[in-house]
Amino acid sequence: MTKVKSLADLKKMKEELQAKIEVREKGEVSENLVQIKVAMATCGIAAGAKPIMEFLIDELDKRGINAVVTQTGCMGYCYAEPTIEVKLPGKDPVIFGYVDKKKADEIIEKYIKNGELVDGIIPTNYETIDNK
Amino acid sequence: METVKLTIDNKQIEVPKGTTIYKAAKGMGIDIPVLCYMDLHDLGVENKPAGCRICVVEVEGRRNLAPSCSTACMEGMVVKTHTPRVINARRTVMELILSDHPKDCLTCPKSGHCDLQDMAVRLGIRNIPGQEYAEMSTYKKDFSPAIIRDVDKCIMCRRCETMCNQVQTVGALSAVNRGFTAVVAPAFEQDLEKSPCTFCGQCVAVCPTGALTEVDHTAKVIRAIADPTKTVLVQTAPAVRAALGEEFGMKPGTLVTGKMAAALRKIGFDYVFDTDFAADLTIMEEGTELLDRLTRHLNGDKSVKLPILTSCCPAWVNFFEHSFTDMLDVPSSAKSPQQMFGSIAKSYFADKLGKKRDELVVVSVMPCLAKKYECQRDEFKVDGNPDVDYSISTRELAHLIKEFNINFAELPDEDFDRPLGESTGAAVIFGATGGVIEAAVRTAYEVQTGKKLEKIDFTELRGMEGIRTATIDFNGLPINIGIAHGLGNARKLLEQVRSGKANFHAIEVMACPGGCIGGGGQPLHHGDSSIIKARMEAIYREDAGKEIRKSHENPYIQQLYEEFLGKPMSETAHHLLHTHYFNRKKDVYIK
Amino acid sequence: MHILVCGGTGCRASSSDAIVEKFKSELAANNLENDVQVIMTGCFGFCEKGPIVKVLPDNTFYTQVKPEDAAEIVKEHVIKGRKVNRLLYLDPAKKEHVSDSKHMGFYRKQIRIALRNCGFINPENIDEYIARDGYQAIGKVLTEFDPQQTIDIIKKSGLRGRGGGGFPTGLKWEIASKNKADQKYVVCNADEGDPGAFMDRSVLEGDPHSVLEAMSICGYCIGASKGLIYIRAEYPLAIKRLKVAIAQAREYGLLGNDIMGTGFSFDVELRYGAGAFVCGEETALIHSMEGLRGEPTNKPPFPAESGYMGKPTNVNNVETFANVCPIILKGADWYSSIGTEKSKGTKVFALAGKINNVGLIEVPMGITLREVIFEIGGGIKNGKKFKAVQTGGPSGGCLTEKHLDIPIDFDNLIAAGSMMGSGGMIVMDEDDCMVSVAKFYLDFTVEESCGKCAPCRIGNKRLYELLDKITKGEGTMDDLDRLRNLSKVIKDTALCGLGQTSPNPVLSTLDNFYDEYLAHVQDKKCPAGKCKALMKYVIDPEACVGCTACARNCPVNAISGERKKPHSINTAICIKCGACIEKCKFDAISIK
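From a predicted model like this one, the values you see are computed outputs, not experimental measurements.

Parameters and conventions
Residues numbered from 1 in each chain as written. Chains lettered and ligands numbered in written order. Predicted model: local features only at pLDDT ≥ 70, side-chain atom pairs only at ≥ 80, totals over all residues. Helix = DSSP H or I, 4+ residues; strand = E, 2+ residues; numbered from the N terminus. Rg over C-alpha atoms; globule rule 2.2 N^0.38 Å. Buried ≥ 20, exposed ≤ 12 C-beta atoms within 10 Å, placed from the backbone. Contact = placed C-beta atoms within 7 Å. Pairing = 2+ DSSP bridges. Domains from an automatic or database assignment. Core = buried A, V, L, I, M, F, W, Y, C linked by C-beta atoms within 7 Å. pLDDT = per-residue confidence, 0-100. Expected span 1.5 Å × (residues − 1). Nonpolar A, V, L, I, M, F, W, Y, C, P; charged D, E, K, R; others polar. Axes fitted to C-alpha atoms, helices over the stretch in contact; angles between N-to-C directions. Parallel < 35°, antiparallel > 145°, perpendicular 65-115°, else oblique. Left-handed = near helix turned anticlockwise from the far one by under 90°.

**Student:** Quick question: what am I supposed to make of the overall build of chain B here?
**Tutor:** Within chain B, the secondary structure is distributed over 18 helices and 22 strands. The C-alpha radius of gyration of chain B comes to 25 Å, within 12% of the 25 Å expected for a compact globule of 591 residues. Structurally, chain B occupies a C-alpha span of about 75 × 60 × 55 Å along its principal axes. Relative to its 591 residues, chain B shows a buried fraction of 54%. Summarising the internal contacts of chain B: among those between residues at least 6 apart in sequence, 74% fall at separations of at least 24.

**Student:** Even after reading the chapter, I still don't get the overall build of chain A, so can you show me in this structure?
**Tutor:** Looking only at helices and strands, one finds 4 helices and 6 strands in chain A. Along chain A, helices and strands appear, N-terminal first, in the series α-β-α-α-β-β-β-α-β-β. Looking at chain A as a whole, 42% of its 132 residues are labelled buried. In chain A, 62% of the contacts between residues at least 6 apart in sequence involve partners at least 24 apart.

**Student:** I'm lost on helix H12 (residues 394–403) of chain B in this one. Help?
**Tutor:** Given 3.6 residues to a turn, an α-helix orients residues that are three or four positions apart in the same direction. Residue and element names in this part refer to chain B. Those residues of H12 that sit buried are Thr-394, Arg-395, Glu-396, Leu-397, Ala-398 and Ile-401. Where H12 is buried, its residues meet helix H6 (218–226), helix H7 (257–267), strand E16 (360–366) and strand E19 (390–393). Backbone geometry just after H12 places Asn-405 at a positive phi near 60°.

**Student:** Would you take a moment to explain the sheet that holds strand E12 (residues 212–214) of chain B for this structure?
**Tutor:** Backbone hydrogen bonds are what pair the strands of a sheet, in a parallel or an antiparallel way. Residue and element names in this part refer to chain B. An order of E8-E9-E12 is seen for the 3 strands of this open sheet, with the pairing classed as antiparallel. Each edge of the open sheet carries a strand with a single partner, namely strand E8 (142–143) and E12. Bridge count between strand E9 (residues 147–149) and E12: 3 bridges; the pairing is antiparallel. Pairing of Ile-147 across the sheet is with Glu-214, part of E12.

**Student:** Please explain unusual backbone geometry as it appears in this structure.
**Tutor:** Trans peptide bonds make up the majority, and among non-glycine residues the majority have a negative phi. The omega torsion of the bond from Lys-299 of chain C to Pro-300 of chain C falls at -5°, within 30 degrees of zero and hence cis. Among the structural elements, Pro-300 of chain C can be located in the loop between helix H11 (282–289) and strand E11 (313–317). With an omega dihedral of 5°, the bond running from Pro-300 of chain C to Pro-301 of chain C counts as a cis peptide bond. Among the secondary structure elements, Pro-301 of chain C is positioned in the loop between H11 and E11. Its identity as a non-glycine residue notwithstanding, Tyr-98 of chain A has a phi of 50°, on the positive side. Within the secondary structure layout, Tyr-98 of chain A lies in the loop between strand E4 (94–96) and helix H4 (101–114). A count of 16 C-beta atoms within 10 Å places Tyr-98 of chain A in the partly exposed class. Positive phi, normally seen in glycine, also occurs at Ala-50 of chain B, with a value near 60°. Structurally, the position occupied by Ala-50 of chain B is in the loop between strand E4 (45–47) and strand E5 (56–59).

**Student:** Would you explain the domain arrangement of chain B in this entry?
**Tutor:** Interface size is commonly expressed as the accessible surface area that is lost when the partners come together. Residue and element names in this part refer to chain B. Domain annotation for chain B reports domain 1 (3–82), domain 2 (98–214) and domain 3 (219–577). Distance from the C-alpha centre of domain 1 to the C-alpha centre of domain 3: 42 Å. With 6 residues of domain 1 at the interface, the matching set in domain 3 holds 7 residues.

**Student:** So what exactly am I meant to see when it comes to the nonpolar core here?
**Tutor:** General note: in soluble globular proteins, nonpolar side chains tend to be found buried as a group. The biggest cluster of nonpolar side chains holds 387 residues, and the ones touching the most others in it are Leu-233 and Trp-316 of chain B together with Val-5, Val-53, Val-211 and Ile-217 of chain C. Not counting chain neighbours up to four residues away, the residues in contact with Val-53 of chain C comprise Ile-3, Leu-4, Val-5, Ile-19, Tyr-62, Val-65 and Ile-73 of chain C.

**Student:** Help me understand the confidence of the model for chain B in this model?
**Tutor:** In low-pLDDT segments, the atomic positions of the prediction should not be examined closely. The predicted model of chain B has a mean per-residue pLDDT of 94, with 99% of residues at 70 or higher. As a predicted assembly, this complex carries a pTM of 0.88 together with an ipTM value of 0.91.

**Student:** Before we go on, may I ask you to explain helix H14 (residues 435–449) of chain B in this structure?
**Tutor:** Residues and elements named next belong to chain B. The end-to-end C-alpha separation of H14 is 21 Å, in line with the 21 Å expected for 15 residues at 1.5 Å each. The element H14 is extensively covered by neighbouring structure, given that 11 of its 15 residues are classed as buried. Residues Gly-435, Val-436, Ile-437, Glu-438, Ala-439, Ala-440, Val-441, Arg-442, Thr-443, Ala-444 and Tyr-445 constitute the buried set of H14. On its buried face, H14 is in contact with helix H8 (275–298), helix H13 (425–428), strand E20 (467–474), strand E21 (477–485) and strand E22 (506–510). A positive backbone phi angle near 75° is found at Gly-450, which sits one or two residues after H14.

**Student:** Whenever I open this one, the interface of chain B and chain C confuses me. Can you help?
**Tutor:** The partner chain C presents 30 residues to the 32 residues of chain B that form the contact. Broken down by secondary-structure element, the contributors of at least two residues to the side of chain B that touches chain C are helix H2 (84–99) and strand E10 (174–176) of chain B. Its residues assigned to classes, the side of chain B that touches chain C shows 18 nonpolar, 10 polar and 4 charged.

**Student:** I tried to follow the pairing of E20 of chain B on my own but got confused; where do I start?
**Tutor:** All names here are of chain B. The pairing of E20 with E21 spans 8 bridges and is antiparallel. Its bridge partner lying in E21, Arg-468 is registered against Ile-483. Here E20 folds back onto E21 in antiparallel fashion, the turn holding 2 residues, of which Asn-475 has a positive phi close to 55°.

**Student:** So what exactly am I meant to see when it comes to the interface of chain C and chain A here?
**Tutor:** Taken together, the contact between chain C and chain A spans 52 residues of the former and 42 residues of the latter. Of all the elements in the fold, those that place two or more residues in the side of chain C that touches chain A are strand E1 (2–6), strand E2 (37–41), strand E7 (110–112), helix H4 (126–131), helix H5 (136–144), helix H8 (199–206), helix H10 (236–251) and strand E13 (359–364) of chain C. Across the side of chain C that touches chain A, the residue classes break down as 24 nonpolar, 18 polar and 10 charged.

**Student:** For this particular structure, what's the right way to read the packing of helix H16 (residues 434–448) of chain C against helix H20 (residues 504–512) of chain C?
**Tutor:** All names here are of chain C. Packing of H16 against H20 leaves a shortest axis separation of 8 Å and a crossing angle of 170°. It follows that H16 is roughly antiparallel to H20 by the angle criterion. Between H16 and H20, the residues in contact are Met-434, Val-435, Val-437, Ala-438, Tyr-441 and Leu-442 and Pro-505, Val-506 and Thr-509, respectively. Residues belonging to the contact of H16 with H20 are distributed by class as follows: 8 nonpolar, 1 polar and no charged.

**Student:** How should I be thinking about the packing of helix H3 (residues 49–62) of chain A against H4 of chain A in this particular structure?
**Tutor:** A packed helix pair is summarised by two numbers, namely the angle formed by the two axes and the spacing between the axes. Residue and element names in this part refer to chain A. Remark: H3 packs on H4, axes separated minimally by 10 Å, with the N-to-C direction vectors making an angle of 35°. As for the relative orientation of H3 and H4, their crossing is right-handed in sense. In this structure, H3 contributes Ile-52, Phe-55, Leu-56, Glu-59 and Leu-60 to the contact, and H4 contributes Lys-101, Ala-104 and Ile-108. By residue class, the composition of the contact of H3 with H4 is 6 nonpolar, no polar and 2 charged.

**Student:** Help me out: how do you make sense of the environment of Ala-544 of chain B in this one?
**Tutor:** On the secondary structure map, Ala-544 of chain B appears in helix H16 (residues 530–544). Along the chain, Ala-544 of chain B and Val-428 of chain B lie 116 residues apart, while their C-alpha atoms are 9.9 Å from each other.

**Student:** Which parts of the structure should I look at to understand the sheet that holds E16 of chain B?
**Tutor:** All names here are of chain B. A sheet is described by the order of its strands in space; here 4 strands give the open sequence E14-E13-E16-E19, paired in parallel fashion. Sheet topology places strand E14 (271–274) and E19 at the edges, where each strand pairs with a single neighbour. Averaged over all pairs of adjacent strands, the angle between strand axes in this sheet comes to 25°, irrespective of strand direction. Bridge analysis of strand E13 (residues 231–236) against E14 gives 4 bridges, and the strand direction is parallel. Bridging from a neighbouring strand, Gln-235 pairs with Phe-273 of E14.

**Student:** Is there a simple way to explain the arrangement of the chains in this structure?
**Tutor:** Take the 2 pairs of chains in contact: the one carrying the most contacts is chains A and C. Between chain A and chain B there is no contact; the minimum C-alpha to C-alpha separation amounts to 28 Å.

**Student:** Looking at this structure, I do not really get the pairing of E11 of chain C. What am I missing?
**Tutor:** Both faces of the sheet carry side chains from a regular strand, because those side chains alternate between them. Residues and elements named next belong to chain C. By the criterion of burial, E11 is predominantly enclosed, with 5 of the 5 residues buried. Here E11 shows no split at all, with Thr-313, Val-315 and Asn-317 on one side and Asn-314 and Asn-316 on the other all buried. Bridging between strand E8 (residues 185–190) and E11 involves 5 bridges; their strand directions are parallel. Along E11, the bridge assignment pairs Tyr-185 with Thr-313.

Here is the structure:
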């Protein structure tokens with residue numbers, strides 16, 4: 001891995017990484033790339049996020065859906081753990097709470113495959129730093 | 001010097017920067033009560049954990065009260081030491097401390113000498129609100145051969161911890177547990193005997209309450225005296241005579257040698273002897289050993305261990321047996337004066353009396369608590385009978401004198417009995433740091449050079465400096481001497497020796513700051529180290545007033561060698577007056 | 001098209017199930033059931049105006065929707081595309097209807113600065129951090145500012161310590177920077193210990209690099225090349241992610257020697273704590289890192305003069321560090337535009353207790369407790385009545401209804417008898433007994449006191465005992481007096497912050513709920529029905545039919561009575577287990 005030798009280096013690196021992520025987010029890499037984040041802080045893991053993440057990885061693969069599943073930190077919705085965020089290409093991300101295997105299955109089948117929302121959506125209620 | 005101006009109780013004062021409020025107030029004659037705080041100024045020891053919170057004062061502009069013992073004066077500070085808020089806080093905190101303290105003052109060994117008791121009186125505590133609902137923190141009592149820990153009475157002042165860790169670097173005591181059950185104890189709340197404790201007793205010497213006290217042998221001593229089948233001998237250590245008077249209201253530094261002998265006789269000891277006699281004997285043995293090692297060293301004998309270390313101090317012996325196990329062959333093999341006395345008393349003197357050793361009871365009066373431990377060590381017993389049966393402290397002797405209804409102050413001076421009561425000035429100075437080595441030099445010089453000393457006082461070896469070094473000219477042969485008092489200083493010196501950085505021929509170590517005069521068995525100094533200085537002056541005064549001031553000139557010592565021992569380091573002497581050391585590194589056991 | 005119906009507890013209580021049904025039937029009636037989906041969602045956090053219905057994709061936000069409104073929404077909005085104005089949210093300030101939830105003030109209540117990356121990035125991948133401006137701040141500082149300029153930015157931003165004390169961060173850095181020494185240290189205090197608080201853990205688990213980067217900025221400012229994170233060993237995941245982050249940053253050369261070719265060197269190591277609460281106090285923390293007993297020492301000297309290993313040391317809390325990089329990148333003015341006059345920026349709170357949306361929130365300083373509890377937090381569980389909110393953990397106090405509208409900041413909370421603390425916020429309802437609450441916190445401080453100073457070691461124990469006595473109905477008026485005096489003296493005399501604040505839960509409940517104390521002491525009653533010793537089980541002779549079910553099930557045979565005649569409970573024997581109430585089919589047994 002290359003070292004960051006200067007601030008210019010870092011900026012260049014950032015541009016590249018950001019572009020990569022933006023491309024991914026805008027779904028331009030592949031028409032169908034679905035991005036899923038699983039909240040994997042201690043609270044999430046304690047509530048069972050790990051098997052859900054494994055389930056999602058396995059099932060999306062089995063069902064032939066082009067998706068990337070990553071872990072992330074606490075989303076703040078402790079009352080609704082495990083929580084996952086699903087971003088379909090070209091759409092706003094949606095957060096689902098109380099995700100168990102049954103719910104995960106429903107999310108894959110209904111929302112990811114057909115864009116139909118399912119029960120258990122958590123409305124985001126904060127502003128990001130970028131907007132403020 | 002940079003100074004700051006401040007106002008204390010409406011009076012302006014200017015003090016050096018860094019001065020605490022407590023000290024500044026003291027300088028103005030305002031005596032803020034302190035409990036955990038302890039300043040042994042002459043020893044360079046200050047204990048100020050700011051834990052008891054009795055010394056709090058009001059500082060204008062500050063949200064809460066400030067502990068005066070550890071808050072530095074600042075420019076423009078306005079301090080009030082006795083507002084109603086302060087007085088209420090002090091009293092409430094004192095009530096809290098007492099609410100978790102046993103109320104058995106009647107039988108407490110510290111009763112009458114207890115800082116907590118004094119503070120309760122001073123703050124006018126008359127009852128402890130809510131005592132009936134107040135749980136007490138209780139712990140198991142710990143009985144070692146020398147020190148009793150009754151830490152139900154611990155008030156977490158941490159003075160003992162400061163002595164044990166900072167001054168002595170022994171590390172036997174530290175705070176354990178949290179919150180209400182926090183207490184000072186050996187690691188894992190083990191007994192002291194299973195800890196690296198050297199029984200130096202410095203913790204006892206500074207403990208403000210009855211949490212740390214000595215094992216009391218006075219009852220056993222009284223029973224022995226009352227037993228007609230026993231002949232009871234008593235020996236008194238050099239430092240005792242310089243401090244005992246304090247227990248009877250005399251000024252620190254008052255010498256009470258004659259009164260002490262008279263009192264011991266009144267109590268009923270059959271023979272009143274002096275450990276000083278054995279101190280002279282120690283010089284004969286240890287001095288000879290030094291010269292022997294020195295001569296062999298000068299002749300190129302590579303197996304010789306130098307420097308020779310003194311071995312009079314039992315806490316010091318315990319310390320190196322635990323911490324310097326690789327150097328066990330370095331200290332002198334000579335027993336301590338207490339043990340030499342016991343050994344000679346139960347052989348030479350018993351023969352003279354025509355009695356068997358178990359018909360004799362040897363009691364020692366010591367400024368020391370480690371002596372209690374020392375006298376019950378197995379190597380100092382013959383067929384289970386110890387050379388010294390009971391070792392009592394200066395404080396215990398004072399109790400005995402009071403119990404026997406003796407008006408100590410009015411006693412006429414009396415002499416010790418012969419033969420084991422005769423001693424020289426060299427023996428007396430064993431009681432102060434540097435004294436043993438000075439006594440050894442006085443004799444070794446004359447033996448080595450064959451010349452008479454012109455100047456007997458080696459003032460370069462005296463003082464309160466923690467580590468002192470001096471080179472003495474032995475007729476062209478420079479002898480390098482090191483002196484340490486306080487085990488922390490001893491550790492520093494020993495580490496220099498171990499690493500080969502120091503080049504000494506002889507080193508004297510005393511475990512207690514100031515030497516035996518500052519021992520753990522002495523009258524409590526209550527944090528006033530000027531008392532130790534006064535005792536030291538008394539010791540040298542006694543020496544200066546003695547007719548004979550060199551050990552080898554003691555006629556009874558000469559007689560002992562002629563009649564019994566032969567010469568120093570003879571086979572008999574070796575058998576009776578020398579010992580060896582053990583590796584006592586403690587393993588820690590966890591239950 | 002989607003119709004989202006709030007399924008949060010609050011809305012559900014007010015008929016959201018019926019709303020869903022009504023929508024479904026209305027849609028079916030119009031043959032729209034395949035085109036429009038009705039979805040029950042999690043809480044919108046706007047329970048005050050519930051039930052909430054949101055229509056996607058146009059983000060229309062309807063409030064206080066009744067089941068009978070479903071027909072109109074379907075007819076007007078779904079079919080004709082006209083919003084139903086009367087149900088739109090009315091902006092209270094502008095007196096205007098807001099149709100798009102994105103423009104609603106409510107959704108601007110939370111601003112994520114410290115938590116900016118939590119839940120967005122994969123914390124174990126430095127690339128994602130870099131993509132979101134990661135390590136730009138240290139780069140900017142190293143190339144554009146000298147240490148003093150950087151300190152000035154932090155000072156100007158108004159950032160104050162988030163660990164609880166609220167000391168101005170820039171000033172703290174400045175003091176440490178001015179002390180000369182061959183070695184200095186930056187310490188991150190991650191010894192989070194308040195019961196129910198997990199703000200720092202979330203930051204470390206979700207965005208570890210933000211802390212590492214801020215620590216190196218601090219190192220640059222004060223002249224330290226070494227950073228230490230004191231983290232409790234009970235946070236294994238945070239430790240793991242920090243280790244990964246440190247390794248990655250070192251690999252990229254963002255920690256280590258000559259960072260970005262500027263000649264500045266900084267590295268970070270972890271130090272583990274055993275979870276002692278008092279080790280969050282900075283002097284105790286430093287002693288613990290030095291291998292000594294974790295107990296505080298008198299200040300001064302402050303760590304900035306003599307800290308870790310006797311060297312100048314700057315200690316900041318995790319959340320404080322998490323705020324640093326955005327300040328550098330977006331500027332001090334941006335940061336100081338958020339918050340109140342004396343407390344700038346945001347604060348992360350861990351919302352817990354009897355509240356619907358238990359969770360981690362980040363709100364601007366100056367928000368009111370009411371907004372936090374009733375809007376973001378979704379109000380009180382099970383429709384119960386709000387009673388108190390405890391802020392500041394064991395060091396804080398209980399605030400009541402009358403405090404709900406004061407803007408939250410460091411100074412206001414202290415003035416109200418509580419404190420900001422590290423951000424625990426526990427909401428209590430009418431079922432909570434305030435004496436028991438105070439007792440709970442004292443139990444914690446008794447457990448966590450280090451035992452060094454007498455007021456904390458013994459005083460807190462005595463406070464606990466007094467509270468225990470009161471909850472058992474054995475308290476006297478004298479005890480209430482003692483409670484107050486003891487609390488004041490402990491505050492006045494304890495050595496460290498733990499002891500100085502430990503009586504706060506007692507004092508604030510005494511101030512705000514004195515009636516409740518009186519009820520325990522004088523009437524021997526617990527108004528909340530929580531204190532077991534004060535409860536009495538009684539059988540109503542009118543309702544009792546003498547079925548003997550209760551007597552047969554009483555484990556201690558405290559109930560007697562003849563068949564078919566009213567039974568009675570011997571309260572001296574009764575252990576108040578509640579078995580009889582469960583068995584009684586006639587509701588004849590009650591607790592008094």
